[in-house]
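Fold and contact review
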Amino acid sequence: MNIRQQLVQLLNLAMVLSTAFMFWKGLGLVTNSNSPIVVVLSGSMEPAFQRGDILFLWNRDKYVDIGDVVVYEVKGKPIPIVHRVLREHKVTNKDRKVRQLLLTKGDNNPTDDLSLYAHKSNYLDRDEDILGTVKAYLPKVGYVTILITENKYAKLGLLGLMALSTLLTRE
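Just so we're clear, the structure is a prediction, and the values are computed from it rather than from any experiment. Within each chain, residues carry numbers counting from 1 in the order of the written sequence. In view of the model being predicted, local features appear only for residues whose pLDDT reaches at least 70, and side-chain atom pairs are presented and counted only at 80 or more, with totals across whole chains, interfaces and linings using the full set of residues. Heavy atoms throughout the structure, all of them, feed into the side-chain values; hydrogens and water do not.

1. Focus: the overall build of the chain
Helix and strand content of the chain: 4 helices and 7 strands. A run of DSSP states H or I qualifies as a helix once it reaches four residues; a run of E qualifies as a strand once it reaches two. Both are numbered from the N-terminal end. Helices and strands in the chain line up, N terminus first, as α-β-β-β-β-β-β-α-β-α-α. Between the two quantities, the radius of gyration covers C-alpha atoms and the globule rule is 2.2 Å times the number of residues to the power 0.38. Relative to the compact-globule value of 16 Å for 171 residues, the chain shows a C-alpha radius of gyration of 20 Å, a clear excess of over 25%. Across its three principal directions, the C-alpha atoms of the chain cover 65 × 35 × 30 Å. For each residue, the accessible area found with a 1.4 Å probe, counting protein chains only, is set against the maximum for its type, and the residue is called buried under 20%, exposed over 50%, and partly exposed in between. Across the 171 residues that make up the chain, the buried fraction comes to 28%. For this analysis, residues touch if any pair of their heavy atoms sits within 4.5 Å. Put simply, 55% of the contacts in the chain that link residues at least 6 apart link residues at least 24 apart. Summed over its atoms, the accessible surface of the chain is roughly 11600 Å², and 62% of this surface lies on carbon and sulfur atoms. Counting rule applied: Lys, Arg positive; Asp, Glu negative; His and chain ends not counted. Lysine's charge is taken at NZ, arginine's at CZ, aspartate's at CG and glutamate's at CD. Treating the 22 positive side-chain charges of the chain as one cloud and the 17 negative ones as another, the clouds have centres 5 Å apart. Surface accessibility in these figures is a Shrake-Rupley result with a 1.4 Å probe; residues are shielded only by whichever protein chains are displayed.

2. Considerations on the environment of I54
Mapped onto the fold, I54 is located in strand 2 (residues 54-58). For I54 and T145, which are 91 residues apart along the polypeptide, the C-alpha to C-alpha distance reads 9.8 Å. When residues no more than four places from it in sequence are discounted, the contact partners of I54 are I37, V38, V39, A136, Y137, L138, V141 and G142.

3. Observations regarding the packing of helix 3 (residues 143-150) against helix 4 (residues 152-168)
Contact pair helix 3 / helix 4: the axes reach a minimum separation of 5 Å and the direction vectors enclose 105 degrees. As the angle between them shows, helix 3 and helix 4 are arranged roughly perpendicular. Mapping the contact onto sequence places L147, I148, T149 and E150 in helix 3 and K152, A154, K155 and L158 in helix 4. Note on residue categories: nonpolar means Ala, Val, Leu, Ile, Met, Phe, Trp, Tyr, Cys or Pro, charged means Asp, Glu, Lys or Arg, and polar means any other residue, Gly included. In the contact of helix 3 with helix 4, the residues fall into 4 nonpolar, 1 polar and 3 charged. Here, axes are lines fitted to C-alpha atoms. For helices the fit covers the stretch in contact, and angles between N-to-C directions go from 0 to 180 degrees. Roughly parallel means an angle under 35 degrees; roughly antiparallel means over 145; roughly perpendicular covers 65 to 115; every other angle is labelled oblique.

4. Some remarks on the sheet that holds strand 6 (residues 124-125)
A pair of strands counts as paired when DSSP detects no fewer than two bridges linking them. Read across the open sheet, the 7 strands follow the order 1-2-7-3-4-5-6; overall the sheet is antiparallel. The open sheet has two free edges, formed respectively by strand 1 (37-39) and strand 6, since each of these has just one partner strand. By the bridge criterion, 3 bridges tie strand 3 (residues 69-72) to strand 7 (residues 130-138) in an arrangement that is antiparallel. Across the sheet, the residue bridging to Y72 is I130, located in strand 7.

Okay, here's the thing in structure tokens:
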């Protein structure tokens, strides 16, 4: 394979990666969420959502309603949590700005999420902690992500297949 073909393949790979990155960032801008698509990693929301479901988030609503399923991130913990809003409190600051505070719980959990929140936090702040409200989902499609994340052999196999296909592809 000559150098020109290798450069074309490298540019094609760069184009695919940059297109995926632009799509992700554009989707984040439209939904107003840092993470507009998430995969359910546990069974805490069964029967509503199963492990491996892909959730599509929307974060443009001013307030979250009781009963909505939200995705939140706790300070210091990298994995977002998908749970339902149990209770809310609206607090007015000195500058007359209304803050919404939320208490959440997984449908399949016996207790609320107080033990999951940041140190000395009794509620989630709508503006600071919530990544978005679940608006749609695709069942079981996220299992590919879980398989790659949790199984090092699957990850190595996928990387090997990608490298092999890159080497064997001719243009």
